Amino acid sequence: MAEVSTTLATRRLTIAEALREAIAEEMRRDPCVFCIGEDIAIPGGWGGAFTVTLDLENEFPDRMLNTPIAELGFFGAAVGAAMMGMRPIADVQYGDFLFLAMDQIVNNAAKMRYMSGGTVKVPLVMRAPIGATGRGSQHAQSMERCFTGVPGLKVVAVSNAYDAKGLLKAAVRDDNPVLIFEHKLLYGSKGARAESQAVDATSDIPENEYVVPLDKAALRRSGSHVTILGWLLMSHYAMSAAESLAAEGIEAEVIDVRSLSPIDYNTIGTSVEKTGRVVIVEEGPRTGGVSAELAAGITERFGEYLLAPVSRVASADVPVPFSPPLEDAYRPTSQRIIAAVQKLLSR
Amino acid sequence: MEIEVKMPDLSTTGGELTVLKWLIAVGGSVKRGDVLFEVETDKATMDVESAHAGVLKKQLVEPNATVLPGDAIAIIEVSQVRPAMAAVAASVPPVEANRQTTSQPSESVSGVNPNTLAASSPAPPRAGMFAENRAKRAENATTTRSQNEQRAAAPRMLPAEISHDQLAAYNPSFLLELYTRMVRIREFEEGVKYLFLQGSMPGTIHQCQGQEATAVGVCAALRDDDFITSTFRGHGHALAKGLSMDEILLELYGAASGCCKGKGGSMHVGNYDKGMIPAIAIVGGGIPLAAGMALAFKMQKRDQVVACFFGDGATSEGAFHEGLTLAAIWDLPAIFVCENNLYGASTRVNQVTRLNDLADHANSYGITGRTVFGNDVLAVYEATKNAVDQCRSGRGPVLLELLTYRRTGHSRRDACNYQADVEKQAWFDRDPIRLLGDALTKHCDVDATQLKEIRDEIVAQFEVAVERARSAPLPSEDDLITDVFA
Ligand SMILES: Cc1ncc(C[n+]2csc(CCOP(=O)(O)OP(=O)(O)O)c2C)c(N)n1
Ligand SMILES: [Mg+2]
């Protein structure tokens, strides 16, 4: 793929480390870049809820703004600063708190450019950790769907450290509001035993600079029988399903959708034309998800290539439950992906 | 009996943990609560307490070894077997064991590295991940503590005792009841802490050790049919409002018979029939709700009130301003209880407000506001009683700021390295349970044995509750889709 670097020198980083490195590099490069959020800049402290900004206060004491618990306020302030030429990176501790900042994101950040007849710029990056991890209904939602249908916003989702770094850097340099979704089970290096079902999302990060474009899906595995689309944790589960399916002689092509708005229908279309069968995997309720948009978009554009209706694997239409067996039943699994593929191929 | 000590899940990003040093030597004796070893997590160095009393038989890992949560790291020969605890430690691996899990055992995906860089090797050990920054980080934390010490320096003259005159107004059985309720909260939270450290609690927990007097003092001034709203730090509020240790523990274990059928969890405990809606884990989220609940009482001409608990951090949210504005203009029977424990997560209150007294917010809404010493359960009770009277007679709402302190990290994964030592000490000296206990022994006809008996009985009840909760049936997959609509 185009974004691949050819240098040999690499380091193995986690998503949290890769994001941290990307933020530091962008802050070094451009004095207008700053971070704003809760518990992000207490010396020797947390580095935000998931360590992403850890230690950055050492190098950038004046550009790490520790805020009160006031999401509407500081997201709005970030939009304001962006209009006046700064390039803020605003984060929420859990994606669920984006709803508190919704008005500033949706009514202001996303619409300024259009309402001003193309004169105002809002170069704003927003970061939000999502996914169900044993914390109950209000610290667990997957709410990409609430933002992908907002014209004027770009939405990406990072599933490994390489993308995390490259997409964050691209987002900082973009002149539009970009919302980056990150998954709580993917931040660290070895979550598998710490949090049930965590996977390894570390990558070898090149020493030299790179960005990952904001509008490109990533082909993770080639196959000819079926296309599996996923993002965040689900792209990993899709990979593991594909490995199991290969043992049965079913070759699945796996695409990490990655860019949730705009959607890269070129990459997806090429695959659909080849396989004619699509399974979309989404953590989050089945109804009204990004997968619904993908299914409709694929059907409109590539309907004549489809050998079977597009199939979805998603969560039940319920809030995220707390109890471990309920949460396990809520979150799609590799088994359910495998079953969906088998069913689709048996049609 | 020998018990295997496992590494607790103290990392926020699911990473490895490094055992930095042992604080108890092999052969040394250990009390419950003694610091057993120091660990480096993905963001800080923290002390890990022993959940067991006995003799340290073996250290299974060397200093600087990197381990994962759940790995066995030591063996303790326990002297004093706490039945429930022993059962937990001896026989049961982490929660997975009694889950009817639908998940595949290994979701680990290798070679998923997308960028098709040279074939990616499995992640190498990351021992001492932060070694290079460890010293700097420790130094930074010291800076933060000393800044917080200065922030604490604008002294509030808080009494270090409850006086005879205060006690004289109450009959001893009432005072003992308040004491018992506070001890119930303390022992519940301490017990849960050790269960978490043993790896037997799913999820994360936010605890309230040190803040027992706010929950108990407020709820003691309420009737059974009054309501409360609470937060992610809600176990104490729930116990004070009359929920049982059983129903809360069952909920923490995700049991089908928990107070929210396992659907809520630690951050959402509640029981409508006992006057507590599920706790709200969104900071400030309960404040407008409380206004609405009080509005309903007023419209229906019911003489109930609602007490709305929230932290100092919540006063920065728009919901606080909007909720109080509504309650004020409609004279609603709502008591807004701000538990000012001086920190919102890792951020000290003075860093996020210019006010000294958060009760001064009341002025902007034209309502009554009072700042009260929140570790004095009688002061809290009295202030709440007055507020309740005011609300029931149609002259609400009231904002109460209760000054208190959390004797524990924000959540169990917080090393809490930002609280200044002098500040901690000043508050520990004013521990709410100690304050009332000392006053009772000094001024009333109560002796230390009696207080110990209260505690022992609660501990025994807790252990029974743990055993029940651990073996209680979990919800089944069919329960996933129930309870969405009325
Ligand atoms: C809207 C919202 N923002 C952020 C958080 C993350 N968070 C949970 S608790 C907390 C600190 C709350 O502080 P405070 O209100 O003082 O309550 P305390 O923890 O001291 O009881 C934060 C930032 C949240 N739960 N909700
Ligand atoms: Mg607080």
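Nothing here was measured: the structure is a model prediction, and the numbers come from that model. (Residues numbered from 1 in each chain as written. Chains lettered and ligands numbered in written order. Predicted model: local features only at pLDDT ≥ 70, side-chain atom pairs only at ≥ 80, totals over all residues. Heavy atoms only, no water.)

S.K.: What exactly am I supposed to notice about the coordination of the magnesium ion (ligand 2) here?
M.R.: Angles at a metal have ideal values that depend on geometry: 109.5 degrees with four tetrahedral donors, 90 or 180 degrees with six octahedral donors. All names here are of chain B. Note on the magnesium ion (ligand 2): its protein donors are Asp312 (OD), Asn341 (OD1) and Tyr343 (O). The metal-donor distances range over 2.1 Å. The sequence pattern formed by the donor residues of the magnesium ion (ligand 2) is D-x28-N-x1-Y. A residue pair is termed long-range when its members are at least 10 positions apart, and Asp312 in the loop between strand S10 (306-311) and helix H9 (318-329) and Tyr343 in strand S12 (residues 343-344) qualify at 31 residues. Taken as a pair, Asp312 and Tyr343 share a single burial class, namely buried. (Donors = N, O, S within 2.8 Å, 3.2 Å for Na, K, Ca; no water. Helix = DSSP H or I, 4+ residues; strand = E, 2+ residues; numbered from the N terminus. Buried < 20%, exposed > 50% of the residue type's maximum accessible area, 1.4 Å probe, protein only.)

S.K.: Where do I start with the pattern of salt bridges in this structure?
M.R.: Taken as a whole and assessed by the stated rule, the structure comprises 51 salt bridges over all chains. Across the salt bridge formed by Asp246 of chain B and Arg468 of chain B, the nearest N and O atoms sit 2.8 Å from each other. Of this pair, Asp246 of chain B sits in helix H7 (residues 245-252) while Arg468 of chain B sits in helix H14 (residues 448-471); the two residues are 222 residues apart in sequence, bridging distant segments of the chain. Asp246 of chain B sits in the partly exposed class, given a relative accessible area of 23%. Several salt bridges converge on common partners, so that one network encompasses Arg11, Glu21, Glu25, Glu26, Arg29, Lys165, Lys169, Arg173, Glu207 and Glu209 of chain A. (Salt bridge = Lys/Arg side-chain N within 4 Å of Asp/Glu carboxyl O.)

S.K.: What's the story with the sheet that holds strand S2 (residues 33-37) of chain A in this structure? I'm lost.
M.R.: Sheet strands line up and pair through hydrogen bonds in the backbone, either parallel or antiparallel. Residues and elements named next belong to chain A. Spatial strand order, S3-S2-S4-S5-S7-S6-S12: seven strands in an open sheet with mixed pairing. Only two strands of the sheet have a single partner each, and these edge strands are strand S3 (64-66) and strand S12 (259-261). Looking at each pair of strands side by side, their axes are set apart by 20° on average, direction ignored. As judged from the four bridges shared by strand S6 (residues 154-157) and strand S7 (residues 178-183), these two strands associate in the parallel manner. Across the sheet, residue Ala157 finds its bridge partner in S7, namely Phe181. (Pairing = 2+ DSSP bridges. Axes fitted to C-alpha atoms, helices over the stretch in contact; angles between N-to-C directions.)

S.K.: What is the right way to look at helix H8 (residues 233-247) of chain A in this model?
M.R.: Side chains three or four residues apart in an α-helix point the same way, a direct result of the helix having 3.6 residues per turn. Residue and element names in this part refer to chain A. The end-to-end C-alpha distance of H8, which contains 15 residues, comes to 22 Å, matching closely the 21 Å that a straight helix rising 1.5 Å per residue would cover. Here H8 lies mainly inside the structure; eleven of its 15 residues are buried. Buried within H8 we find Leu233, Met234, Ser235, His236, Tyr237, Ala238, Met239, Ser240, Ala241, Ala242 and Leu245. Once H8 finishes, Gly249 follows within two positions and takes phi at roughly 85°, a positive value. (Expected span 1.5 Å × (residues − 1).)

S.K.: How do you make sense of the domain arrangement of chain A when you look at a structure like this?
M.R.: Many analyses report the size of an interface as the accessible area lost when the parts associate. Residues and elements named next belong to chain A. Domain boundaries assigned for chain A yield domain 1 (10-206) and domain 2 (218-345). Taking the mean C-alpha position of each, domain 1 and domain 2 sit 25 Å from one another. Opposite the 34 residues of domain 1 that make contact, domain 2 presents 27 residues. Both sides of the domain 1 and domain 2 interface together cover about 2,400 Å² of buried area, and 51% of this is carbon and sulfur. (Domains from an automatic or database assignment. Contact = heavy atoms within 4.5 Å. Buried area = accessible area lost by both parts, 1.4 Å probe.)

S.K.: Which parts of the structure should I look at to understand the packing of helix H4 (residues 172-197) of chain B against H14 of chain B?
M.R.: The geometry of a pair of packed helices is captured by two quantities: the angle between their axes and the separation between those axes. Residue and element names in this part refer to chain B. At a closest axis distance of 9 Å, the pairing of H4 and H14 adopts a crossing angle of 45°. Accordingly, the angle class assigned to the pair H4 and H14 is oblique. For the element pair H4 and H14, the recorded crossing hand is right-handed. Residues Leu176, Tyr179, Thr180, Val183, Arg184, Glu187, Phe188, Gly191, Val192 and Leu195 of H4 touch H14, and the partners they reach there are Gln450, Leu451, Ile454, Arg455, Ile458, Val459, Phe462 and Val466. Considered class by class, the residues forming the contact of H4 with H14 number twelve nonpolar, three polar and three charged. (Parallel < 35°, antiparallel > 145°, perpendicular 65-115°, else oblique. Left-handed = near helix turned anticlockwise from the far one by under 90°. Nonpolar A, V, L, I, M, F, W, Y, C, P; charged D, E, K, R; others polar.)

S.K.: Looking at this model, I keep getting lost on the state of the cysteines. Mind explaining?
M.R.: Linking two cysteines covalently via their sulfur atoms produces the bond known as a disulfide. Residues and elements named next belong to chain B. Applying the stated criterion across every chain, the model contains zero disulfides over all chains. Cys208 takes part in no disulfide bond, and the closest cysteine sulfur to it belongs to Cys219, at a distance of 11 Å. You can call Cys208 buried: its relative accessible area is 5%. (Disulfide = S-S within 2.5 Å.)

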